[in-house]
Amino acid sequence: MKFHECIAKAVDQGSLTQAEADLLRMEADVHAQQLAAEGVYSPEQAQRMGAAKALDFRRMVTKRGKYQKVLQHQINQRNIDNIIAHPEGVEKGLASLIVKDLHVDRGNTPWSNVDNRTAAIEAQAHSHAKDLMASLHTTHLGLKQDKQTLHAAVREMFGESTGNATASKAAKAWADTAEFLRQRFNRAGGFIPKRSDWGLPQGHDAKKVGKASMEEWIDFALPLLNREAMLTVDGRVMTDAELMAGLKEQYWSIKTEGLNEFEPGYRPGGKMANRHQEHRWMVFKDADSWLSYQEKFGEPQIYNLMIGHIRKMSTEIAMMEILGPNPKASWELLKQTASVKARTPIKTNLLDAYFRVASGEADQIAQGQANFAKAAGATRHIITAAKLGSAMLSAITDPIYGRTTRKFNGIPAIKMLNSTLSTLNPADQSHRELAAHLGVVMDGWAQQALAGSRYAGELDPSGKASKVSEVVLRASGLVTWTNAQRQAFGLDFYYHLGQQVGKSFDEIEPKFKSMLERYGITSDDWAVIKQAELEAVGSSSYFRPQNIYNLGIDARRADDLVTKITEALHTEMDFATPTPDSRVRAMTTGGQQRGTVIGEGARFLTMYKSFALNQMATHLQRGDWKYKFWLAIQLTLLGAAALQLKEIAKGREPRDMASPGFWGAAVLQGGGAGIFGDFIQTVSGSNRYGHGFLATAAGPAGSMVDDVAKLTASAVGAGVDAYTGEETNFGRESLNVLKQYIPGNSLWYTRLLTERLLWDNLQQMVDEDAQDNWDTYEDKLETERNQGYWWSRGDDFPTF
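Report on the accompanying structure.

Rules used throughout
- Residues numbered from 1 in each chain as written.
- Predicted model: local features only at pLDDT ≥ 70, side-chain atom pairs only at ≥ 80, totals over all residues.
- Heavy atoms only, no water.
- Helix = DSSP H or I, 4+ residues; strand = E, 2+ residues; numbered from the N terminus.
- Areas by Shrake-Rupley, 256 points an atom, 1.4 Å probe, with all protein chains shown as cover.
- 1 Å grid on protein atoms, 1.4 Å probe; cavity = no way out; pocket = protein on both sides within 12 Å on 5 of 7 lines; lining within 4 Å.
- Points joined across faces, edges and corners; volume = space filled by probe spheres on them.
- Expected span 1.5 Å × (residues − 1).
- Buried < 20%, exposed > 50% of the residue type's maximum accessible area, 1.4 Å probe, protein only.
- Polar contact = N/O pair within 3.5 Å; in protein donor to acceptor, adjacent residues only side chain to side chain.
- Patch = residues over 30% accessible without salt bridge, like charges linked within 9 Å, V, L, I, M, F, W, Y side chains within 5 Å.
- Salt bridge = Lys/Arg side-chain N within 4 Å of Asp/Glu carboxyl O.
- Lys, Arg positive; Asp, Glu negative; His and termini not counted.
- Charge placed at Lys NZ, Arg CZ, Asp CG, Glu CD.
- Phe/Tyr/Trp six-rings, centres within 6.5 Å; stacked < 30°, edge-to-face > 60°.
- Lys NZ or Arg CZ within 6 Å of the ring centre and 35° of its normal.
- Contact = heavy atoms within 4.5 Å.
- Core = buried A, V, L, I, M, F, W, Y, C linked by side-chain atoms within 4.5 Å.
- Axes fitted to C-alpha atoms, helices over the stretch in contact; angles between N-to-C directions.
- Parallel < 35°, antiparallel > 145°, perpendicular 65-115°, else oblique.
- Left-handed = near helix turned anticlockwise from the far one by under 90°.
- Nonpolar A, V, L, I, M, F, W, Y, C, P; charged D, E, K, R; others polar.

1. Some points on the overall build of the protein
And then number 1: Scanning the protein from terminus to terminus reveals 37 helices and 2 strands.
And then number 2: A total accessible area of about 34100 Å² is found for the protein, and carbon and sulfur atoms account for 57% of it.

2. Some points on empty space enclosed by the protein
And then number 1: Taken as a whole and assessed by the stated rule, the structure comprises 6 cavities of 30 Å³ or more.
And then number 2: If you go around the largest cavity, you meet 14 residues; those closest to its centre are Thr109, Trp111, Ser112, Asn113 and Tyr519.

3. Notes on helix H31 (residues 625-649)
And then number 1: Along its 25 residues, H31 runs 35 Å from first to last C-alpha, staying within 8% of the 36 Å computed at 1.5 Å per residue.
And then number 2: Those residues of H31 that fall on the buried side of the exposure criterion are Tyr627, Leu631, Leu635, Thr636, Gly639, Ala640, Ala642, Leu643, Gln644, Lys646, Glu647 and Ala649.
And then number 3: Where H31 begins, the capping side chain belongs to aspartate 624, and its oxygen is found 3.2 Å from the backbone nitrogen of lysine 626.
And then number 4: At the exit of H31 stands glycine 651, carrying a positive phi of roughly 90 degrees.

4. Comments concerning a positive patch on the surface
And then number 1: A grouping of Lys207, Lys211, Lys374 and Lys464 is seen on the molecular surface, where their side chains present a positively charged patch.
And then number 2: The topology assignment puts lysine 207 in helix H9 (residues 206-210).

5. Describing the packing of aromatic side chains
And then number 1: Under the defined criterion, the tally for this structure stands at 20 aromatic pairs.
And then number 2: Aromatic side chains phenylalanine 158 and tryptophan 290 sit 6.3 Å apart centroid to centroid with 45 degrees between the ring planes, which places their arrangement in the tilted category. Placement of the pair is phenylalanine 158 in the loop between helix H7 (147-157) and helix H8 (165-187) and tryptophan 290 in helix H12 (residues 287-297), with a sequence separation of 132 residues. The residues phenylalanine 158 and tryptophan 290 share a single accessibility class, namely buried.
And then number 3: Arginine 380 extends its terminal NZ or CZ atom over the ring of phenylalanine 604, reaching a point 5.0 Å from the ring centre.

6. Observations regarding the environment of glycine 377
And then number 1: Residue placement: glycine 377 occurs in helix H16 (residues 370-387).
And then number 2: According to the relative accessible area criterion, glycine 377 is buried, its value standing at 2%.
And then number 3: Residues glycine 377 and glycine 595, 218 residues apart in the sequence, show an inter-C-alpha distance of 9.1 Å.

7. Section: helix H28 (residues 582-589)
And then number 1: Across the 8 residues that make up H28, a large majority, 7, are buried.
And then number 2: Among the residues of H28, Ser582, Arg583, Val584, Arg585, Ala586, Thr588 and Thr589 are the ones counted as buried.
And then number 3: In this fold, the buried residues of H28 make contact with helix H5 (114-128), helix H15 (349-358), helix H29 (597-605) and helix H30 (610-617).
And then number 4: For H28, the N-terminal cap is aspartate 581; the gap from its side-chain oxygen to the backbone nitrogen of arginine 583 is 3.2 Å.
And then number 5: Immediately beyond the C-terminal end of H28, within one or two residues, lies glycine 590, with a positive phi of roughly 70 degrees.

8. Examining a negative patch on the surface
And then number 1: Taken together, Glu653, Asp772, Asp775, Asp779 and Glu782 make up a surface patch of like negative charges.
And then number 2: Within the secondary structure, glutamate 653 sits in the loop between H31 and helix H32 (660-677).
And then number 3: A relative accessible area of 36% places glutamate 653 in the partly exposed class.

9. Details of unusual backbone geometry
Where the residue is not glycine, phi is negative for most of them; where a peptide bond is considered, it is trans in most cases.
And then number 1: Within the chain, tyrosine 608 stands out as a residue other than glycine whose phi angle is a positive 75 degrees.
And then number 2: Secondary-structure assignment places tyrosine 608 in the loop between H29 and H30.
And then number 3: One non-glycine residue, asparagine 786, lies in positive phi territory at about 55 degrees.
And then number 4: Take asparagine 786: it is sitting in the segment after helix H37 (770-785).
And then number 5: Note on asparagine 786: relative accessible area 48%, which makes it partly exposed.

10. With respect to the nonpolar core
And then number 1: Core analysis: the biggest nonpolar cluster contains 123 residues, and Trp217, Tyr293, Met306, Phe493 and Tyr494 have the highest contact counts within it.
And then number 2: Element by element, the count of residues in this core is highest for helix H13 (residues 302-323), at 13 residues.
And then number 3: The contact partners of tyrosine 293, leaving out residues within four places of it in the chain, are Gly203, His204, Val209, Trp217, Phe220, Ala221, Leu224, Ile254, Met282, Phe284 and Gly298.
And then number 4: Ala376, Leu388, Trp481 and Tyr608 belong to the second largest nonpolar core, which has 14 residues in total.

11. What about the pattern of salt bridges?
And then number 1: Tallied over the entire structure, the rule returns 39 salt bridges.
And then number 2: In this structure, arginine 756 engages aspartate 760 in a salt bridge whose closest nitrogen and oxygen atoms are separated by 3.3 Å. Of this pair, arginine 756 and aspartate 760 both sit in helix H36 (residues 751-766), 4 residues apart, roughly one helical turn.
And then number 3: Looking at arginine 756, the relative accessible area reads 1%, which means it is buried.

12. Brief notes about a nonpolar patch on the surface
And then number 1: Side chains of Trp625, Phe629, Trp630, Ile633, Leu637, Met657 and Trp663 sit close together on the surface and give an oily, nonpolar patch of about 770 Å² of accessible area.
And then number 2: At 5 residues, the largest contribution of residues to the nonpolar patch is made by H31.
And then number 3: Here leucine 637 falls in the exposed class, since its relative accessible area comes to 53%.

13. Considerations on the packing of H7 against H8
And then number 1: At their nearest, the axes of H7 and H8 sit 8 Å apart, and the two run at 55 degrees to each other. Considering the angle they form, H7 stands oblique to H8. Remark: the crossing between H7 and H8 carries right-handed chirality. Along its contact with H7, which presents Thr149, Ala152, Ala153, Glu156 and Met157, the element H8 presents Thr166, Ala167, Ser168, Ala170, Ala171 and Trp174.
And then number 2: Class assignment for the residues of the contact of H7 with H8 results in 7 nonpolar, 3 polar and 1 charged.

14. Regarding the environment of methionine 244
And then number 1: Residue placement: methionine 244 occurs in helix H11 (residues 240-255).
And then number 2: The class of methionine 244 is partly exposed, set by a relative accessible area of 30%.
And then number 3: The sequence separation of methionine 244 and leucine 222 amounts to 22 residues, and the corresponding C-alpha distance is 9.2 Å.
And then number 4: Sequence-distant contacts of methionine 244, that is, excluding residues within four places in its chain, are made with Ile218 and Leu222.

15. Some thoughts on the environment of serine 314
And then number 1: On the secondary structure map, serine 314 appears in helix H13.
And then number 2: For serine 314 and isoleucine 121, which are 193 residues apart along the polypeptide, the C-alpha to C-alpha distance reads 5.5 Å.
And then number 3: Once residues within four sequence positions are removed from consideration, serine 314 is found in contact with Thr118, Ile121, Glu122 and Leu181.

16. Focus on the side chain of glutamate 122
And then number 1: Looking at the secondary structure, you find glutamate 122 in helix H5.
And then number 2: Setting aside anything within four residues of it in sequence, one finds glutamate 122 in contact with Ile310, Arg311, Ser314 and Val441.

Fair warning: the whole summary comes from geometry, so function is off the table for now.
Quick look at the structure:
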């Protein structure tokens, strides 16, 4: 029976819809035309082969669809069982699928969650990408990058030999990383065909594309494309009509900010598993063509584009592995099921916020709100660069968290100091490379926002303003310190794990074994895990999860074991060096996208509060009263030290430690409220910048509004504040605002010098009452705190 007759019969019998039949005929005809054009086959042969190719592809699509349905059903059932099994109810059970359970230390939730699964997959990807990240990440406070090697690496990725050995290694690392992510995505139920001619993802700048007409954009892009490599998902070359239709759709999608990285055929709300079916369809002729497009209409920061691809793919894989090929539909089903099981409607607002943050949706810019989002993000970066130059002094409590977490999990702290100092060494990055090789997420090599987000809250990691805050945070030492703490914990974790592999599961150190069990590792798992080869480094041996893939076991089984170990590490790492997870970020963003009024308002309101919120979601939920008591004692003592260091950095003498107020402040400082507390002072009922409680409680944005309002009142009030009736001085207010919002002005090791030698002199020039006001403040400080200055305001030299 002829092909078209078979199709007609299938339609009559109801096994094919008319639309499916028309699509099948079209695909068969196009295949036949392309085969006939080769001049090798007769028209009859081309028709038969074209029909066969079309049928094979449709069978594959049908088979994949059935597989996705079965997989989705299995995952839904597993998740429902886990939700029901949660000892604190289905609502907490539902949350535990997205973020780590508040009581993860009790071992009642050995299943994975999207948030930590994302970190685990990203860590594995960073392990593959070590040579890429080590050679191409920014240096010199984030201001320098080896662009020559970067561009050479791009050429190597497109198959061009450059003779640059470093670039060649980086390109190979990228290819290995992309292939790892592709295969893992497909094992989770997705479908990304392997393309040997695919070099890099495309980044598109909506603003740049929007300035060009559709015709201008297509006229520029089309000559850069490898026409013969522009294939449909069934493997045939696109027709001219299909290619033009795809380009036109892509143009509008980019211009309207529908997608940053366009994927033809994907629509929001569809199966995530199908999202990348044509992900690599836009194939450029060569590296020059790709670079030309990126420079004209794309993301010029090539390294950021690659790191962003790793992050995005890791998130999507985690979503699919935890929630199934269609995560959004699965999430809605699970919420409905949870409501039925609870026999009462559950509160879904916060749960949905967790989902939007963990899935990356909250990080996206709301459609049509790019300018507002970028302006708000830039403002936060400038405030951070101006205010957090001394945050490093607050971070001296980090070793307490690290030591406590190690002790809780049975990890000896004996190597803690050596590991930290090794990763801090700027002249030798071998330990940082080792951490990446073992599978520790390399935030310091990936992006600059992590260290700042510990204290400042949500920071958009892109844009020119982000570079300003990055420079300041790196210059302050906070970025290096934070990364060193996290990498040191990772090294100690994998070292101790390596010491256990010669033991049976029951012989493992009890606390460490309990930790492994909390993350779902069983004795059967251990029997396989302990067979993985260790990594010898000098006289030490470290466990590397990726080596499990070398055991020759089923890939899905290997995924499961590697991920359990990596999840355990990164979950505990968030305790060892507290950083905001999706639960905390849901609180600081409201789960709303950037550019929305609620989303931006939440981000501003919660600046400087994320660290304290993180403590509430981690250590305050862990252990018994003894755990909390001794942690509080240690944090209070180091909090006291941090307070005194901050006072000295401001030119003041150490505070009176016999004062009850001092120890109350030390508790706040040690508990993560130190940055917020830095703005609240007891003197005169306002903080050191003259902000009232409401302005301070509203966050730095509220203080900024307060400053602008006062400056405006001073400018128009003829020397009298229109609201308070107090005397004003426009020069003084102007100088105070300028001083507060200049990036880098608060760097802990330079702030006092610039304060005394620059700002004090300038203020005396514009304010004849400056010295009297300073003296009055010093008197109040002496009266209320019994505290003086070792370098007084207005003095050229300190008094010792």
